[in-house]
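Here are the chains, one letter per residue:
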Amino acid sequence: MVGPLVETDPYRVGLYAAIEWGPNDYTSARRMVDTPPEEFAADYKAYRSAKQYFKMLPNVPPALLAIFLGVRGPLTVFNHSRLGALQALDQAEEDLFAGRVDAALVCSAFS
């Protein structure tokens, strides 16, 4: 369905995502409860891998989806657990009415 729009002009299709990761890594958090401030950075780095941190960034899955779909227009990510979906819809509507995009894809995960 989005294919013909992307083929016409991928820069006129926007992706608006609402995503909330849910619970954080409580195992690492529990280990760090009594960590002194001067040791926090080193301990955090020891308990959390860079790959684990990368997976927690809310913009990565929507960016990968945009690449997969060939969408090159605005990519906006909202991460409020209750209002993110409404914010994504509101921004998509604003961009459509302002003429910044011809089509808006709105998606939500855990929001």
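Predicted, not measured: the structure shown is a model, and the values here were computed from it.

Which residues make up the pattern of salt bridges, and what values go with them?
Any two side chains of opposite charge can pair if their charged atoms end up close together. Taken as a whole and judged by the stated rule, the model has three salt bridges. In this structure, Arg-100 engages Glu-94 in a salt bridge whose closest nitrogen and oxygen atoms are separated by 3.6 Å. According to the relative accessible area criterion, Arg-100 is partly exposed, its value standing at 41%. A salt bridge links Arg-100 to Asp-95, with the shortest nitrogen-to-oxygen separation between them at 2.7 Å. Using a relative accessible area of 4% as the deciding quantity, one classes Asp-95 as buried.

So what's going on with the sheet that holds strand β2 (residues 75-78)? Which residues, and what values?
On the basis of which strands lie adjacent, the open sheet formed by three strands has the order β2-β1-β3 and parallel pairing. Only two strands of the sheet have a single partner each, and these edge strands are β2 and β3 (103-109). Averaged over all neighbouring strand pairs, the angle between strand axes comes to 15°, with direction disregarded. As paired elements, strand β1 (residues 13-19) and β2 share four bridges and run parallel to each other. Looking at β2, one finds that Ala-17 is bridged to Val-77. Running at roughly 150° to β1, helix α5 (residues 60-69) makes contact with β1, β2 and β3 of the sheet. Against the sheet, helix α6 (residues 84-98) makes contact with β1, β2 and β3, and its axis sits at roughly 165° relative to β1, the strand it touches most.

Tell me about α5, residues and numbers included.
Those residues of α5 that fall on the buried side of the exposure criterion are Val-60, Pro-62 and Ala-66. Mapping the buried residues of α5 onto a view down its axis gives an arc of 165°, with all of them on the same face. α5 presents Leu-64, Ile-67 and Phe-68 as exposed residues on the side facing more than 90 degrees away from its buried surface. Gly-70 sits one or two residues past α5 and shows a positive phi near 85°.

Mind laying out the nonpolar core, listing which residues take part and the relevant values?
Core analysis: the largest hydrophobic core is formed by seven residues, namely Val-2, Val-6, Val-13, Leu-15, Ala-66, Val-71 and Ala-103. Setting aside residues no more than four positions away along its own chain, Val-71 makes contact with Val-6, Pro-10, Val-13, Gly-14, Leu-15, Ala-66 and Leu-105.

Kindly report on the environment of Met-32, identifying the contributing residues and their values.
One can find Met-32 in the loop between α2 (26-31) and α3 (40-47). The exposure class assigned to Met-32 is buried, which follows from its relative accessible area of 9%. In the structure, Met-32 is positioned 31 residues away from Ala-63 in sequence and 31 Å away in space, judged by C-alpha atoms.

Procedures and definitions
Residues numbered from 1 in each chain as written. Predicted model: local features only at pLDDT ≥ 70, side-chain atom pairs only at ≥ 80, totals over all residues. Heavy atoms only, no water. Salt bridge = Lys/Arg side-chain N within 4 Å of Asp/Glu carboxyl O. Buried < 20%, exposed > 50% of the residue type's maximum accessible area, 1.4 Å probe, protein only. Pairing = 2+ DSSP bridges. Helix = DSSP H or I, 4+ residues; strand = E, 2+ residues; numbered from the N terminus. Axes fitted to C-alpha atoms, helices over the stretch in contact; angles between N-to-C directions. Contact = heavy atoms within 4.5 Å. Arc of directions from axis to C-beta. Core = buried A, V, L, I, M, F, W, Y, C linked by side-chain atoms within 4.5 Å.

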